[in-house]
Amino acid sequence: MSKCEQCIIKQFNSLKSLTKEELVRISSCKISMNVKKGEIIFDEGEAVNGVYCVKEGICKLSKLSANGKDQIVKIVLKGDLLGYRSMVSDEVSNLQAVALIDMKVCFIPKSEIINDLQTNPKFSFDVLKEMAHNLKEADDIIVNMAQKSVRQRLAETLIYIHDSFGVNSDRTLSVLLSREDYANIVGTATESAIRVLSQFKKDKLISMVGKKIRIEDIEGLKRVE
């Protein structure tokens, strides 16, 4: 089991602001977990009694709408922390976290993180900055839903996945999402997402390798209206 103070992942999140002594203490009480693709890390309405540090893999954060449709709010990758907002507010989670590929996560109990929030101002400030950043992203999502077309939102999603998660050796996007997932990210029906992707393919903006997507013209995607 790796030690928190030696883990490179901490450099990508607020844990970097903890002292070596604090990291050693957290390391002694954390729980390392393997999460299989499709498994739920925590569910909407669940009390999240700690935070999850993503060591490997990718997951989606989504919320179930009144009509029973999942709205994907964010795709989370290696280095991110999950669950800290619910923990700080002392409320149940309003999102569900599901692994998109096999993952390794470390669970840190609430009591340990709260203690550090109360005693380490730099750590508290970094957590606050991360929460502010997430609020900005939520604002952007609301604006995009209201002002941009499904075509624009889907093009931006493809570009975001390309830039954030990279590609495989055959240049296909490294994150394999279902057509339903794409629809849930941009807030449309699955049939509409399939139709737009087919048009992107016809316009030679993307190509398909089985179920995987390869971006052929990223500048063209940026110009989609």
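Thresholds applied
- Residues numbered from 1 in each chain as written.
- Predicted model: local features only at pLDDT ≥ 70, side-chain atom pairs only at ≥ 80, totals over all residues.
- Heavy atoms only, no water.
- Domains from an automatic or database assignment.
- Contact = heavy atoms within 4.5 Å.
- Buried area = accessible area lost by both parts, 1.4 Å probe.
- Salt bridge = Lys/Arg side-chain N within 4 Å of Asp/Glu carboxyl O.
- Polar contact = N/O pair within 3.5 Å; in protein donor to acceptor, adjacent residues only side chain to side chain.
- Helix = DSSP H or I, 4+ residues; strand = E, 2+ residues; numbered from the N terminus.
- Nonpolar A, V, L, I, M, F, W, Y, C, P; charged D, E, K, R; others polar.
- Buried < 20%, exposed > 50% of the residue type's maximum accessible area, 1.4 Å probe, protein only.
- Pairing = 2+ DSSP bridges.
- 1 Å grid on protein atoms, 1.4 Å probe; cavity = no way out; pocket = protein on both sides within 12 Å on 5 of 7 lines; lining within 4 Å.
- Points joined across faces, edges and corners; volume = space filled by probe spheres on them.
- UniProt positions renumbered as here; feature names shortened; annotations may be inferred.

The protein appears in an unreviewed UniProt entry as CRP-like cAMP-binding protein from Mariniflexile fucanivorans.

Note on interface size: it is often stated as the accessible area lost on association of the parts. Along its sequence, the protein is carved into domain 1 (4-120) and domain 2 (148-223). Of note, the centres of domain 1 and domain 2, computed from C-alpha atoms alone, are 27 Å apart. At the junction of the two partners, domain 1 supplies nine residues and domain 2 supplies 14 residues. Of the roughly 970 Å² buried between domain 1 and domain 2, counting both surfaces, carbon and sulfur atoms make up 62%. For the domain 1 face of the interface with domain 2, the top three residues by lost area are Lys69, Ile72 and Ile75, together amounting to 48%. Between Lys60 and Asp181 there is a salt bridge, with its nearest N and O atoms 2.9 Å apart. There are five residue pairs in polar contact (both at pLDDT 80 or more) connecting domain 1 and domain 2. It is strand E5 (residues 70-76) that contributes the most residues to the side of domain 1 that touches domain 2, four residues altogether. Here the side of domain 1 that touches domain 2 is composed, by residue class, of five nonpolar, one polar and three charged.

Within strand E8 (residues 103-109), six of the seven residues are buried, leaving the element largely enclosed by the surrounding structure. Summarising the sheet, strand E1 (residues 31-35) and E8 pair through five bridges and their orientation is antiparallel. Its bridge partner lying in E8, Met33 is registered against Val105. Looking at chain direction, strand E3 (residues 50-56) and E8 are connected through six bridges and run antiparallel. Looking across to E8, one finds that Gly50 is bridged to Pro109.

Moving on to empty space enclosed by the protein. In this structure the tally under the stated criterion is two cavities of 30 Å³ or more. Within this model, the second largest cavity holds a volume of roughly 60 Å³. What lines the second largest cavity is Ser14, Leu15, Val51, Leu81, Tyr84, Met87, Ile113, Leu117, Phe123 and Val127. Broken down by secondary-structure element, the contributors of at least two residues to the lining of the second largest cavity are helix H2 (84-89), helix H3 (110-119) and helix H4 (121-147). Here the residues of the lining of the second largest cavity sort into nine nonpolar, one polar and no charged.

Turning next to the UniProt feature "domain: HTH crp-type" (unreviewed entry) in the protein. As recorded in UniProt, the feature "domain: HTH crp-type" (unreviewed entry) lies at residues 148-219. Along residues 148-219 one finds 54% helix and 11% strand; the C-alpha atoms at either end are 18 Å apart.

In this section: the pattern of salt bridges. Here the structure, examined in full by the defined rule, presents 15 salt bridges. Here Lys63 ties to Glu44 by a salt bridge, and the two come within 3.0 Å at their closest N and O atoms. Taken together, the residues Lys63 in strand E4 (residues 59-64) and Glu44 in the loop between strand E2 (40-42) and E3 connect sequence positions 19 residues apart. For Lys63, a relative accessible area of 34% gives the class partly exposed. Under the relative-accessibility criterion, Glu44 is labelled partly exposed at 30%. Between Asp170 and Lys212 there is a salt bridge; the shortest N-O distance is 3.4 Å.

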